[in-house]
Amino acid sequence: MKRREFTRSMLAASAAAALPLPQPVRAAGTARTAPLKVNGARLNDHLTKLSEFGKNPQGGVSRVAYNDADKASRPFLMQLMRDAKLDVSVDAAGNLVGKRAGSDASLKPILFGSHTDSVPFGGNFDGDVGSLGAIEVAQTLSEQHVTTRHPLEVVIWQNEEGGLWGSHAATAVLGESDFAITNSSGRSVREGIAFLGGDPDHLERTRRAKGSIAAYLELHIEQGGVLEKEHLDIGVVEGIVGIHRWDVTVTGFQNHAGTTAMADRHDAMLAAARFVDAVNRVITSEPGRQVGTVGKLAVFPNTPNVVPGKVECTLEVRDLDAKKIDAMFLKIEAEAKKIGAMNGTTFAFKQVLDNVPAPTAPAIRAMIAAAAADLGLTHKTMPSGAGHDAQDVAQIGPVGMIFVPSVGGISHAPNEYSKPQDITNGANVLLNALLKLDAAP
Ligand code: GLV
Ligand code: MN
Ligand code: MN
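(A) View of the coordination of the manganese ion (ligand 2). With distances of 2.0 to 2.2 Å, the protein atoms coordinating the manganese ion (ligand 2) are His115 (NE2), Asp126 (OD) and His220 (NE2). All donors of the manganese ion (ligand 2) come from a single chain, and their spacing in sequence reads H-x10-D-x93-H. Separating the manganese ion (ligand 2) from the manganese ion (ligand 3) is a gap of 3.5 Å, which Asp126 spans by donating to each of them. With His115 in strand S5 (residues 110-115) and Asp126 in the loop between S5 and helix H4 (128-143), the pair connects residues that are 11 residues apart, well separated along the chain. On the accessibility criterion, His115 (0% relative accessible area) is buried.

(B) Quick look at the coordination of the manganese ion (ligand 3). Here the manganese ion (ligand 3) is held by Asp126 (OD), Glu161 (OE), Glu161 (OE) and His412 (NE2), and the distances to it run 2.0 to 2.7 Å. Look at where the donors of the manganese ion (ligand 3) fall in the sequence and you get D-x34-E-x250-H.

(C) Region of interest: the packing of aromatic side chains. Inspection of every chain in the model, using the stated rule, returns 8 aromatic pairs. On the basis of an interplanar angle of 65° and a centroid distance of 6.1 Å, the ring pair of Trp157 and Tyr216 is categorised as edge-to-face. Placement of Trp157 in strand S6 (residues 152-157) and of Tyr216 in strand S7 (residues 215-221) is noted, with a sequence separation of 59 residues between them. Both residues of the pair, Trp157 and Tyr216, belong to the buried class. Summarising the aromatic geometry, the rings of Phe347 and Phe349 are spaced 6.5 Å apart at their centres and angled 20° between planes, so their arrangement reads as stacked. Residue Phe347 is classed as buried on the basis of its relative accessible area of 17%. Taken together, the ring pairs in this structure connect Trp246, Phe275, Phe329, Phe347 and Phe349 into an aromatic cluster. Between the NZ or CZ atom of Arg187 and the centre of the ring of Phe195, over which it lies, the distance is 3.7 Å. The residue whose ring lies beneath Arg190 is Phe179, and the NZ or CZ to ring-centre distance is 4.4 Å.

(D) A look at the pattern of salt bridges. In the structure shown here, the tally under the stated rule is 18 salt bridges. Of the charged contacts in the structure, one is a salt bridge between Lys49 and Asp45, with a shortest N-O distance of 2.7 Å. Here Lys49 and its partner Asp45 are both found in helix H2 (residues 40-50), 4 residues apart, which amounts to about one turn of the helix. Under the relative-accessibility criterion, Lys49 is labelled partly exposed at 41%. Linking Glu153 and Arg208 is a salt bridge whose minimum nitrogen-to-oxygen distance equals 2.8 Å. With a gap of 55 residues between them, Glu153 in strand S6 and Arg208 in the loop between helix H7 (189-195) and S7 connect regions that are remote in the sequence.

Definitions and limits used
Starting from 1, residues in each chain are numbered consecutively following that chain's sequence as written. Chains and ligands are labelled sequentially in the order written, the chains with letters from A and the ligands with numbers from 1. In view of the model being predicted, local features appear only for residues whose pLDDT reaches at least 70, and side-chain atom pairs are presented and counted only at 80 or more, with totals across whole chains, interfaces and linings using the full set of residues. Computation of side-chain values covers all heavy atoms of the structure but excludes hydrogens and water. With water omitted from the atoms examined, metal sites may look incomplete; donors here are N, O and S atoms no farther than 2.8 Å from the metal, or 3.2 Å in the case of Na, K and Ca. In this description a helix means any DSSP run of H or I spanning at least four residues, a strand means any run of E spanning at least two, and both kinds are numbered starting from the N terminus. For every residue, the accessible area obtained with a 1.4 Å probe (protein chains only) is divided by the maximum for its type, and the residue is called buried under 20%, exposed over 50%, and partly exposed between those limits. The rule is short: rings of Phe, Tyr and Trp, with Trp giving its six-membered ring, pair when the centres are within 6.5 Å, and they are stacked under 30 degrees, edge-to-face over 60, tilted in between. We call a charge positioned over a ring when the NZ of a Lys or the CZ of an Arg lies within 6 Å of the ring centre and within 35 degrees of the ring normal. By convention in these notes, a salt bridge is any Lys or Arg side-chain nitrogen within 4 Å of a carboxyl oxygen on Asp or Glu.

As far as function goes, none of this settles anything; it's purely spatial.
So this is what it looks like as structure tokens:
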């Protein structure tokens, strides 16, 4: 299931590079001297309220896409969008879309948003900051009576954590194997889209063609510790890593743990343990930012007095360079063969995710940096090691991403935290980068 070619995102990036550099902000026909600002207290209050949906005793949320909490949060989100004077709908892919007219109907829309689903036992900021930040920007524009030239669309993509399925369904064609992917909600992508009010049989009604948008902006927490360590306010994202994921099955032979001599065992667990170590060795064997993870593992029959006959686990490899991911995988596969030969077990790899790396548009990066500077905020250009819906949207138009610091670099965990002022800063940069984009001829 090759999703798309890396060259396509490179094309998107070079097309975007042709965008003009930032122009002076001019909104509603009025020259502005000071940058517009969002209501930071309101934004942070909305974040606290959203955290009630799927709240868990660990202090975070388990608002996994397609679970009851995910669905229950959507009327709250839609009401916030309506309060921001957005025209709200659920698209065929189950994404929430809030539209706002521009003054020039011939212009393509500028999209901005993020996601509100979480990983199991996740935190209160991943995706939520960008989603509620986008709504806050729309509300500020409404309150300040700013009419942009471009139509605007706030989009809250569904099921980001399970593999960017909402943005993928809106920008590419899903195959049956995609529809069949399930997450810990127990629902498949097909079932989940219907559960959220979309229509999986008519995704063509939602699909956005290449070149159909002016741009996409996404605000997000960094999810790493670079900005905090370097005492910086804003990250200007240069590109989003590609993510390749495999389901791995290790097959051995199930047998009695007391009577099977050590030399006679085909222990799938032992082979899997060696595999976990091999992944780490291969990934760290060369310089670079590549990462590799075995994050999930199930042992069969998973009982103390039986030599395990089967292990199912996952493998994920990420890098900004798709060729590097491919090369790393070939090395890991070769290691798995050697490990299997050591104790008579076999490894089977089934690729289940192939998100291509996505560079952001240089002209949009410049606008984000200029917006941060206008606001007196420090910033640096940095890659994103996490996946984001922006990488799917990069297949159809130029994208930009804004990071704000994550305390302790913690994410995908209940104690994920970003400071209210940092969140407000990020939303202000989103607002002003959006205005710069809108003003660009
Ligand atoms: C999403 O957050 C991912 O990077 O997996
Ligand atoms: Mn996210
Ligand atoms: Mn995430």
